[in-house]
Amino acid sequence: IMKRGAVLFSSRAPIGYVAIAAQPMATNQGFKSFLPPDGIVSEFIYYYLQFAKRLAVELASGTTFLEISAKKAAVIPSPLPPLPEQHRIVAKIEELFSELDKSVESLKTAQQQLKVYRQAVLKWAFEGKLTEEWRTNQKKFTPTEDLVGYIRQEHSKEFQRLGKKSKMIQPLLPEVLITLPTIPAEWSWLKINDITTGVEYGTSSKSSEVGTVPVIRMGNIQNSKIVWDDLVFTSDETEIGKYKLQKDDVLFNRTNSPELVGKTAIFLGERTAIFAGYLIRLNHIKTVIHAKYLNYYLNSFVAKSYGNSVKTDGVNQSNINGEKLINYPLPICSIEEQHQIVLAIESRLSVCDKLEETISHSLKQAEALRQSILQQAFAGKLVPQDPQDEPAAALLARIRSDREATAPAKKAKATKGRKK
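What counts, and at which threshold
Residues numbered from 1 in each chain as written. Predicted model: local features only at pLDDT ≥ 70, side-chain atom pairs only at ≥ 80, totals over all residues. Heavy atoms only, no water. Phe/Tyr/Trp six-rings, centres within 6.5 Å; stacked < 30°, edge-to-face > 60°. Helix = DSSP H or I, 4+ residues; strand = E, 2+ residues; numbered from the N terminus. Buried < 20%, exposed > 50% of the residue type's maximum accessible area, 1.4 Å probe, protein only. Lys NZ or Arg CZ within 6 Å of the ring centre and 35° of its normal. Polar contact = N/O pair within 3.5 Å; in protein donor to acceptor, adjacent residues only side chain to side chain. Contact = heavy atoms within 4.5 Å. Pairing = 2+ DSSP bridges.

What follows is about the packing of aromatic side chains. The tally for this structure, following the rule as stated, stands at 13 aromatic pairs. On the basis of an interplanar angle of 75 degrees and a centroid distance of 5.3 Å, the ring pair of Phe 44 and Phe 378 is categorised as edge-to-face. Residue Phe 44 is located in helix α1 (residues 42-51), and its partner Phe 378 is located in the loop between α12 (335-377) and α13 (392-419); the two are separated by 334 residues in the primary sequence. A centroid spacing of 5.1 Å and a plane angle of 70 degrees characterise the contact between Tyr 306 and Tyr 328, whose relative ring orientation is edge-to-face. In this pair, Tyr 306 sits in helix α10 (residues 301-310) while Tyr 328 sits in the loop between α11 (322-326) and β17 (329-332), placing the two residues 22 residues apart along the sequence. With respect to burial, Tyr 306 and Tyr 328 carry one shared label: buried. The lysine or arginine in question, Arg 370, covers the ring of Phe 97, its NZ or CZ lying 4.8 Å from the ring centre.

The next point concerns the side chain of Thr 255. Mapped onto the elements, Thr 255 comes out in strand β11 (residues 255-256). Residue classification places Thr 255 among the buried residues on the basis of a relative accessible area of 7%. Within the structure, Thr 255 has its side chain in polar contact with the side chain of Asn 319 (distance 2.6 Å). The contact partners of Thr 255, leaving out residues within four places of it in the chain, are Met 218, Val 261, Tyr 278, Gln 317, Ser 318 and Asn 319.

In this structure, Asp 230 is a non-glycine residue whose phi angle is positive, near 50 degrees. Relative to the helices and strands, Asp 230 is located in the loop between β8 (225-226) and β9 (232-234).

Since the α-helix advances by 3.6 residues per turn, residues separated by three or four positions end up pointing in the same direction. With 7 of its 8 residues buried, helix α9 (residues 291-298) lies for the most part within the structure. Those residues of α9 that fall on the buried side of the exposure criterion are Ala 291, Tyr 293, Leu 294, Asn 295, Tyr 296, Tyr 297 and Leu 298.

A few words on the environment of Ile 15. Tracing the backbone shows Ile 15 in the loop between β1 (7-10) and β2 (18-20). Owing to a relative accessible area of 8%, Ile 15 belongs among the buried residues under this scheme. Separated by 386 residues in sequence, Ile 15 and Ser 401 place their C-alpha atoms 33 Å apart. Ignoring any residue separated from it by four or fewer positions in sequence, one finds Ile 15 in contact with Phe 9, Ser 10, Lys 53, Val 57, Ala 60, Leu 66, Glu 67 and Ile 68.

Glancing now at the sheet that holds strand β6 (residues 213-216). By way of backbone hydrogen bonds, the strands of a sheet pair with one another, either parallel or antiparallel. One open sheet accounts for 3 strands, arranged β9-β6-β13; its pairing is mixed. What marks the edges here is a single partner per strand, and that holds for β9 and β13 (274-275). In this sheet, β9 lies alongside β6 in antiparallel orientation, the contact comprising 3 bridges. Following the sheet pairing, Val 215 is matched in β9 by Val 232.

Structure representation (structure tokens):
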């Protein structure tokens, strides 16, 4: 049982979390506990261990996971200033950290507000609000019936080109329609199936660390884009021929954690690549739907909500299969208006991206400043020294004396226990 005031340090990965026991408590092997003697302030050790995290990680070892043994934890070096200076250091750190925490809180609030604004932009876009003025300035509109007729015609034409039999466009059920937002009179609610020639699952073959062509996995889809890092590869020509991505292909993440399932990205043709089995390719008909329009819509609140209503939940994972995906409701308008919507979305989200970049940079600077404060504190540069303070050498001598005085008593107690 650790006494009140003991400093707890997580010694298994993730290494470096620190806390002070507010009351007597038991710990498991994942923590090493430091009980400061009289003359050393718990908060001083608490902040020092935050500063010494990198040193502690260097002392760790292990194959399955990194861990610091009790023996190694005991030899982590620590500065020892006089007791009054320890109090001054702790007070100054807490003063500066309090100001820093307020700034970080404001930055994170702004970050959250940007996420809300991004969703608001998508909401307005797919309710036709971003293009209200554009529609007003148009001299002629295609009636809804003609729009759906054109889509049906293009759908049939594309299936004929592929040598497939076209499926009739089926209307959404009334119980689904009443859950959807109101859209302009010139628009129509269809299904994703109506603007595609089908969906495809990616390769299930094992990838390699090296190869001729990268295999895009669910981890490579970030913020509606493909990121080209942490790649795996294939050199199998059959696989490459079957799963090769084409410019403007939209990829849908069918299996992931509940909060990430359904994320999407567009392949922009940066390099030859194929896609993995946890992803679905939507073979959209380019004459009736803009790839970016489809990509943005699938990341909107309406699409996410529908996905959440049909996904299958397992242990720590959810799944939305291809059949469920093609039945997603989709607000459709003319291809010309879709282009205007994409421009309107991107002009607004580009501002968000710049603000997000600034906030992320500021958060990194705040963390660097936090480390700088700790570095100055434990280099003796954060607060002034007072010649009237009891020297650290005298404090250390007293601690050693107290430890030696208690050691025989502990030994005698242990011996007495064995006689029993």
